[in-house]
Amino acid sequence: MKVIIKHMDSDVPEENYEFFNNFIKYLQKSYPLKQDVIIKFVGERQGNMTTGQRNNKNELLILSKNRMNRDILRTLAHEWVHEYQRTILKRPKGQDIGGKNEDEANAFSGVIMKKYEKKFPKDEEKMYK
């Protein structure tokens, strides 16, 4: 399984790339995916997305312009959980607001963030930039 990362007018500074990559490795351990996934950090909303969305091409689009790192990574964790639900658990797409998939992705993304922060306290300062 390979992760391809693309920055598209995202304003994520290069100094954050390693930090983001470490978080992505943590996601891979927490919710291992079998297929390659493309993560696109974008500067503008696309389609119906609010802060993130996944599509059927195994792409996770994450709005990153003018957002704090912790918010960006929580959105990434949320969309990663959705990718896991659809490709590993084979769940059908659920409601965009409410419903089992959405509630679970919201809850698990928060848990992932707290566990990451506890395991890697040295990254706390980077989280809040």
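Every value quoted in this text rests on a predicted model; they were computed, and no experiment measured them.

Participant: Where do I start with the overall build of the protein in this structure?
Facilitator: The helix and strand inventory of the protein stands at four helices and four strands. Shown N-terminal to C-terminal, the secondary structure of the protein runs as helices and strands in the order β-α-β-β-β-α-α-α. Taken against the 2.2 N^0.38 rule, which gives 14 Å for 129 residues, the C-alpha radius of gyration of the protein at 14 Å falls within 12% of a compact globule. Seen along its three principal axes, the alpha-carbon backbone of the protein occupies a region of about 35 × 30 × 30 Å. The buried share among the 129 residues of the protein stands at 46%. For the protein, long-range pairs separated by at least 24 residues make up 60% of all intrachain contacts whose partners lie at least 6 apart in sequence. For the protein, the computed accessible surface area is about 7500 Å², with 48% contributed by carbon and sulfur atoms. On the protein, the mean spot of the 25 positive side-chain charges and the mean spot of the 19 negative ones are 6 Å from each other.

Participant: Hey, could you run me through the nonpolar core in this one?
Facilitator: One broad trend across soluble globular proteins is that nonpolar side chains are buried collectively. Ranked by size, the top nonpolar core spans 26 residues in total, and within it Phe-23, Ile-39, Leu-73, Leu-76, Trp-80 and Ile-112 carry the most contacts. Counting only elements with at least two residues in this core, the list comes to α1 (17–30), β2 (37–42), β4 (59–63), α2 (69–87) and α3 (100–119). A per-element tally of this core places α2 first, with seven residues.

Participant: It is not clear to me how the side chain of Asn-69 should be interpreted in this structure. Could you clarify?
Facilitator: Tracing the backbone through its elements, the reader meets Asn-69 in helix α2. Residue classification places Asn-69 among the buried residues on the basis of a relative accessible area of 4%. A distance of 3.2 Å separates the side chain of Asn-69 from the side chain of Asn-16, its partner in a polar contact. Ignoring sequence-local partners within four residues, the contact set of Asn-69 consists of Asn-16, Phe-19, Phe-20, Lys-126, Met-127 and Lys-129.

Participant: What am I meant to see in the pattern of salt bridges here?
Facilitator: When the charged atoms of two side chains lie near each other, side chains of opposite charge can form a pair. Applying the stated criterion to the full structure yields seven salt bridges. A salt bridge links Glu-59 to Lys-40; its shortest N-O distance comes to 3.1 Å. Taken as a pair, Glu-59 in strand β4 and Lys-40 in strand β2 lie far apart in primary sequence, 19 residues in all. Judged by its relative accessible area of 12%, Glu-59 falls in the buried class. Lys-40 gets classed as buried once you look at its relative accessible area, which sits at 16%.

Participant: Before we go on, may I ask you to explain the packing of α2 against α3 in this structure?
Facilitator: To characterise two packed helices, one gives the angle between the axes of the helices and the distance between these axes. Remark: α2 packs on α3, axes separated minimally by 8 Å, with the N-to-C direction vectors making an angle of 130°. When the axes of α2 and α3 are compared, the pair comes out oblique. Of the two possible hands of crossing, α2 and α3 adopt the one that is right-handed. On the side of α2, the interface is formed by Arg-70, Leu-73, Arg-74, Ala-77, His-78, Val-81, His-82 and Gln-85, while α3 contributes Asn-101, Glu-102, Glu-104, Ala-105, Asn-106, Phe-108, Ser-109, Gly-110, Ile-112, Met-113, Lys-114 and Glu-117.

Here is what the cut-offs are and how they apply
- Residues numbered from 1 in each chain as written.
- Predicted model: local features only at pLDDT ≥ 70, side-chain atom pairs only at ≥ 80, totals over all residues.
- Heavy atoms only, no water.
- Helix = DSSP H or I, 4+ residues; strand = E, 2+ residues; numbered from the N terminus.
- Rg over C-alpha atoms; globule rule 2.2 N^0.38 Å.
- Buried < 20%, exposed > 50% of the residue type's maximum accessible area, 1.4 Å probe, protein only.
- Contact = heavy atoms within 4.5 Å.
- Areas by Shrake-Rupley, 256 points an atom, 1.4 Å probe, with all protein chains shown as cover.
- Lys, Arg positive; Asp, Glu negative; His and termini not counted.
- Charge placed at Lys NZ, Arg CZ, Asp CG, Glu CD.
- Core = buried A, V, L, I, M, F, W, Y, C linked by side-chain atoms within 4.5 Å.
- Polar contact = N/O pair within 3.5 Å; in protein donor to acceptor, adjacent residues only side chain to side chain.
- Salt bridge = Lys/Arg side-chain N within 4 Å of Asp/Glu carboxyl O.
- Axes fitted to C-alpha atoms, helices over the stretch in contact; angles between N-to-C directions.
- Parallel < 35°, antiparallel > 145°, perpendicular 65-115°, else oblique.
- Left-handed = near helix turned anticlockwise from the far one by under 90°.

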